[in-house]
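Residue-level structure breakdown
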Amino acid sequence: PWQPTVGELPRRGVDLELTLDRSIQALAEEELKQAIWEHEAEGGTIIVMEPETFGILAMASYPAYDPERYAEYGDQDPPPYEDPAVSKQYEPGSGFKILTAAAALDTGIVTPETTYTDEGWIEVGGQTIRNATGKAYGVMSVTDVLVKSLNVGAAWLSRQMGPDVFYGYLDDFGIGERTDVDLAGEVAGQLWLPEDVEHWHPSNQGTNSFGQGVAVTPLQMVTAVATVANDGVRLRPHVVDRRIAPDGTVSVYQPVMVERVISPETAHTLTEMLVQAVEEGITLAKVDGYRVAG
């Protein structure tokens, strides 16, 4: 065991004040446990982020552990020490269509009203992509792609852009790279690019458009969507708000701008489309007295 040098006194460290809001954190933990119990899920994560600063107001994952009883979990396989919010990656699925639509709108190749004919399938790179319902929807608009969550429409958008433009925007949104949040154990997710000749196939451009064949962390996905909420500007997410040195000196975290990803106009247009998606498509997410984009 470590022995202190004779006469060495403990030195006071730096105090950290976090962006976490304990009421929101408590609510997130409660809601998460309830949802996992109701749906008999193995686990889950909730992150609440302030889009003006990218400060994390709540971050809850379950199963979790009590740090005061750290040693008791060592024989679990695997031990629950990693935080899935930053350390586990998953296939995002249809939430990813937000990024595909953002890119297509920002390039100006489509507007919310632009239409295409949805035949229920589309071929990209030799692979046939179908809608989740298996149905053909006929003449649909870009807004309908989000409202009805159409895989064929998302793949059509990515094909209109071409790989360079499409993957350029995903890169700007931070997919496939760490957010550099001030937490340990963050992983980068996985996004194969056209130059990854061993792994990337032209069909990826189709499947990636609706969040398949790509892996993200929950924090990456929240950061990308918060970028839309922040007028198209991506900041670095953080959990430390202020550092207080032993002598009382306070240093306040200043938001770090990483990238302007889409224009404010695109962000506002897309937000209106996402409000429509909740009001017409995901009615369970509606909240009385609020306009919810999702």
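Predicted model only: the values in this text are computed from it and were never measured.

Reading guide: rules and limits
- Residues numbered from 1 in each chain as written.
- Predicted model: local features only at pLDDT ≥ 70, side-chain atom pairs only at ≥ 80, totals over all residues.
- Heavy atoms only, no water.
- Helix = DSSP H or I, 4+ residues; strand = E, 2+ residues; numbered from the N terminus.
- Buried < 20%, exposed > 50% of the residue type's maximum accessible area, 1.4 Å probe, protein only.
- Contact = heavy atoms within 4.5 Å.
- Salt bridge = Lys/Arg side-chain N within 4 Å of Asp/Glu carboxyl O.
- Patch = residues over 30% accessible without salt bridge, like charges linked within 9 Å, V, L, I, M, F, W, Y side chains within 5 Å.
- Areas by Shrake-Rupley, 256 points an atom, 1.4 Å probe, with all protein chains shown as cover.
- Axes fitted to C-alpha atoms, helices over the stretch in contact; angles between N-to-C directions.
- Parallel < 35°, antiparallel > 145°, perpendicular 65-115°, else oblique.
- Left-handed = near helix turned anticlockwise from the far one by under 90°.
- Nonpolar A, V, L, I, M, F, W, Y, C, P; charged D, E, K, R; others polar.
- Arc of directions from axis to C-beta.
- Pairing = 2+ DSSP bridges.
- Core = buried A, V, L, I, M, F, W, Y, C linked by side-chain atoms within 4.5 Å.

Some words on the environment of Gln276
- In this fold, Gln276 is placed in helix α9 (residues 264–281).
- Using a relative accessible area of 31% as the deciding quantity, one classes Gln276 as partly exposed.
- For the pair Gln276 and Leu9, spaced 267 residues apart in the sequence, the C-alpha separation amounts to 62 Å.
- In this view, Gln276 contacts Thr143, Val147 and Gly281; residues no more than four positions away in its chain are not counted.

A short note on the pattern of salt bridges
- Inspection of every chain in the model, using the stated rule, returns 5 salt bridges.
- With a closest N to O distance of 3.0 Å, Glu72 and Arg69 form a salt bridge.
- Owing to a relative accessible area of 48%, Glu72 belongs among the partly exposed residues under this scheme.
- With its nearest N and O atoms 2.8 Å apart, the salt bridge here joins Arg291 to Glu272. Of this pair, Arg291 sits in the segment after α9 while Glu272 sits in helix α9, and the two are 19 residues apart along the sequence.

Topic: a nonpolar patch on the surface
- There is a patch of nonpolar side chains on the surface, built from Val14, Leu16, Leu18 and Leu20 and spanning about 330 Å² of accessible area.
- Structurally, Leu16 is set in strand β1 (residues 15–18).
- Look at Leu16 and you get partly exposed, because its relative accessible area is 45%.

Regarding the environment of Pro218
- Take Pro218: it is sitting in helix α8 (residues 218–229).
- By relative accessible area, which is 16% here, Pro218 ends up buried.
- In sequence terms Pro218 and Pro67 are 151 residues apart; their C-alpha atoms lie 22 Å from each other.
- If near-sequence neighbours (up to four positions away) are discounted, Pro218 is found in contact with Thr45, Ile47, Pro84, Ala85, Lys88 and Tyr90.

Some words on the packing of helix α3 (residues 97–107) against α9
- Contact pair α3 / α9: the axes reach a minimum separation of 10 Å and the direction vectors enclose 135 degrees. As far as their axial angle goes, α9 and α3 are oblique. In this structure, α3 meets α9 at a crossing whose hand is right-handed. Seen from α3, the contacting residues are Ile98, Ala101, Ala102, Leu105 and Asp106; seen from α9, they are Thr266, Leu270, Met273 and Leu274.
- Considered class by class, the residues forming the contact of α3 with α9 number 7 nonpolar, 1 polar and 1 charged.

Describing helix α6 (residues 163–172)
- What α6 keeps buried is the set Phe166, Tyr167, Tyr169 and Leu170. Relative to the axis of α6, the buried residues are bounded by an arc of 155 degrees and lie together on one face.
- Tucked into the core, α6 has its buried residues touching α3, α5 (151–161) and α7 (204–208).
- With its phi angle positive at about 95 degrees, Gly174 sits one or two positions after the end of α6.

Here's the deal with the sheet that holds strand β10 (residues 250–252)
- One open sheet accounts for 3 strands, arranged β1-β9-β10; its pairing is antiparallel. With one partner strand each, in any of the chains shown, β1 and β10 form the two edges of the open sheet. Across the sheet, the mean angle from the axis of one strand to that of its neighbour is 20 degrees, orientation sign disregarded.
- As judged from the 3 bridges shared by strand β9 (residues 240–244) and β10, these two strands associate in the antiparallel manner. Bridge pairing in β10 links Arg242 to Val252.

Quick word on α3
- With 9 of 11 residues buried, α3 is to be regarded as a mostly interior element.
- In the core, the buried residues of α3 are packed alongside α4 (142–147), α5, α6, α8 and α9.

Re the nonpolar core
- In terms of nonpolar packing, the biggest core is built from 44 residues, with Phe96, Leu99, Leu170, Phe173, Ile175, Ile262 and Leu270 touching the most fellow members.
- Elements that contribute at least two residues to this core include exactly α3, β5 (121–124), α4, α5, α6, α8 and α9.
- With residues up to four places along the chain from it excluded, the contact list for Ile262 reads Ala102, Asp106, Tyr169, Phe173, Val228, Asp231, Gly232 and Ala267.
- Met59, Ala85, Leu219 and Leu235 belong to the second-largest nonpolar core, a separate cluster that totals 12 residues.

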